[in-house]
There are 2 protein chains.
Amino acid sequence: MRADARRNAERLLGSAHEAFGERGVHTSLEDVARRAGVGIGTLYRHFPTREALLEALLGQRMLDLGALAERLLATEPPARALAEWLRAVVQHSMTYHGVAASLMVGMLDETSELGVSCAVMRRAGAEVLAAARRAGVVRPDAEAVDLLVLANGIAWAAENSSCGQPRIDRLVSILLTGLLVA
Amino acid sequence: MRADARRNAERLLGSAHEAFGERGVHTSLEDVARRAGVGIGTLYRHFPTREALLEALLGQRMLDLGALAERLLATEPPARALAEWLRAVVQHSMTYHGVAASLMVGMLDETSELGVSCAVMRRAGAEVLAAARRAGVVRPDAEAVDLLVLANGIAWAAENSSCGQPRIDRLVSILLTGLLVA
DNA sequence: ACCTGAACACCGTTCAAGT
DNA sequence: ACCTGAACACCGTTCAAGT
């Protein structure tokens, strides 16, 4: 790739992170291009869809969540690893306003654009859940996708209105109580 | 109201129900007007916003959910009333594709356009929850809005992809397990 | 009093021309 | 090889003219 093209791609990612952070993932793509100082066509050349831009922004974080799962499983008891990891997933799905919806689609539809990156999370979720199941601390009918769907649902609720951190914590707690067996 | 105006309003509601059902709540309003055989201006005259149209369509159903809460509380033990009512709320939030998002805003923001109709549900949820709390079958820190937020989150997950009824039932079951105390 | 639909605005997306 | 931005398409919303 030519040096100026690479620089443009990086500037676009920086601008997108900034714009998505300030105005949500549905902000105008013209806005993103303008902030990066490039034409709208350049944005489309590098990132043919809004989801492609999102995938580039979230991909590394999803890998981080995979690594977090490994670390938690190595150092914490399974129930605690599950709890901590789910909290991190909820926070991740709140990175940008509106991103929970894209992640939900990615979780449930493996062929979607975010589906590839989400596969990392599905696998991590499955491992965390499997460990909890082996330890007998989780209801046996729960599936990994269930965790991710509920975590995303909570994140989506939180981003959708004046839903403060205390409520988020309580919702996660309710979810965990529902998953874990006494 | 003039007879033709009333007839137009009714035709618009019928067309909106049909169009929202087939294509989701984000279908073009031109589409709704066309199906009703009226100009787009007439749609805007009767229903100044998409949310106003939704409110007219969902208002009666929300009253029905309030009545269902009363009936369940009169005939069922509190834990069962809570379970049944939550299931009905999830189904209600799946009436049209995309409606869970509008209802979530209505639940959490009382000043929103759907907030008025949602007040009925907030009150019904509070009564169902209060009965369960008096019976000591529910965790004491749960709030009525928590129920509605989680139910909406499940409905939203369900409408967002190939999330079948078995998964929906399991998600509701996890939610209930998290709410109820043994 | 109500209805109509042309007109305007806004944004997503493409592509011919330029460097 | 890449960039630009004008051009086109689509849809939401308003409002002057008509009935």
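Overview of the structure.

1. Details of helix α2 (residues 29-36) of chain A
Residues and elements named next belong to chain A. The set of residues buried in α2 consists of L29, D31, V32, A33 and A36. Looking at the buried residues of α2, the elements they touch are α1 (3-23), α3 (40-46) and α4 (50-75). The N-capping residue of α2, defined by a side-chain oxygen 3.1 Å from the backbone nitrogen of E30, is S28. One or two positions beyond α2, positive phi appears at G37, with a value near 75 degrees.

2. Observations regarding the relation of the copies chain B and chain A
Expressed as a screw transformation, the operator carrying chain B onto chain A has a rotation angle of 180 degrees and an axial translation of 0.0 Å, and the superposed copies differ by an RMSD of 0.0 Å. Here the copies are linked by what is in effect a two-fold axis. Within chain B, the C-alpha atom positioned nearest to the axis of rotation is that of G178(B), 1.8 Å from it.

3. Comments concerning the nonpolar core
Counting residues in hydrophobic clusters, the biggest one holds 130 residues, and the most contacted among them are F20(A), W85(A), F20(B) and W85(B). With residues near it in sequence (within four places) discarded, W85(B) still touches L65(B), L68(B), A69(B), L72(B), M121(B), A124(B), G125(B), V128(B) and L148(B).

4. Notes on the protein's contact with DNA strand D
Inspection of the region around DNA strand D gives 19 residues, with N8(A), G39(A), T42(A), Y44(B) and R50(B) positioned closest. Taking the atoms of DNA strand D that fall within 4 Å of the protein, sugar and phosphate contribute 67% of them. G39(A) has a polar backbone atom sitting 2.8 Å from a phosphate oxygen of DNA strand D. R50(B) places a polar side-chain atom, nitrogen or oxygen, 2.9 Å from a phosphate oxygen of DNA strand D. Looking at the surface near DNA strand D, the elements with two or more residues in it are α1 and α3 of chain A together with α2 (29-36) and α3 (40-46) of chain B. No other element matches α3(A), which puts 5 residues into the surface near DNA strand D. Counted by class, the surface near DNA strand D contains 7 nonpolar, 7 polar and 5 charged residues.

5. Here we look at the interface of chain B and chain A
Interfaces are often sized by the accessible area lost when the parts come together. Tallying the contact residues gives 31 residues for chain B and 31 residues for chain A. Both sides of the chain B and chain A interface together cover about 2,600 Å² of buried area, and 67% of this is carbon and sulfur. A per-residue breakdown of the area chain B buries against chain A is headed by W156(B), R170(B) and I174(B), which together make up 25% of the total. Summed over the shared surface of chain B and chain A, the number is 8 salt bridges. Linking chain B with chain A are 14 residue pairs in polar contact (both at pLDDT 80 or more), by the criterion used here. Broken down by secondary-structure element, the contributors of at least two residues to the side of chain B that touches chain A are α6 (99-108), α8 (144-159) and α9 (165-179) of chain B. In terms of residue class, the side of chain B that touches chain A is built from 16 nonpolar, 8 polar and 7 charged.

6. Observations concerning the protein's contact with DNA strand C
Inspection of the region around DNA strand C gives 18 residues, with Y44(A), R50(A), N8(B), G39(B) and T42(B) positioned closest. Considering the 4 Å shell around the protein, atoms of DNA strand C inside it are sugar or phosphate in 71% of instances. Within the backbone of G39(B), one N or O atom sits 2.8 Å away from a phosphate oxygen of DNA strand C. Residue H46(B) places a side-chain N or O atom 3.4 Å away from a phosphate oxygen belonging to DNA strand C. For the surface near DNA strand C, the elements supplying multiple residues, two or more each, are α3 of chain A together with α1 (3-23) and α3 of chain B. No other element matches α3(B), which puts 5 residues into the surface near DNA strand C. Taken together, the residues that form the surface near DNA strand C break down as 7 nonpolar, 7 polar and 4 charged.

About the cut-offs
- Residues numbered from 1 in each chain as written.
- Chains lettered and ligands numbered in written order.
- Predicted model: local features only at pLDDT ≥ 70, side-chain atom pairs only at ≥ 80, totals over all residues.
- Heavy atoms only, no water.
- Buried < 20%, exposed > 50% of the residue type's maximum accessible area, 1.4 Å probe, protein only.
- Helix = DSSP H or I, 4+ residues; strand = E, 2+ residues; numbered from the N terminus.
- Contact = heavy atoms within 4.5 Å.
- Polar contact = N/O pair within 3.5 Å; in protein donor to acceptor, adjacent residues only side chain to side chain.
- Least-squares fit on C-alpha atoms with pLDDT ≥ 70 in both.
- Core = buried A, V, L, I, M, F, W, Y, C linked by side-chain atoms within 4.5 Å.
- Near = heavy atom within 4 Å.
- Nonpolar A, V, L, I, M, F, W, Y, C, P; charged D, E, K, R; others polar.
- Buried area = accessible area lost by both parts, 1.4 Å probe.
- Salt bridge = Lys/Arg side-chain N within 4 Å of Asp/Glu carboxyl O.

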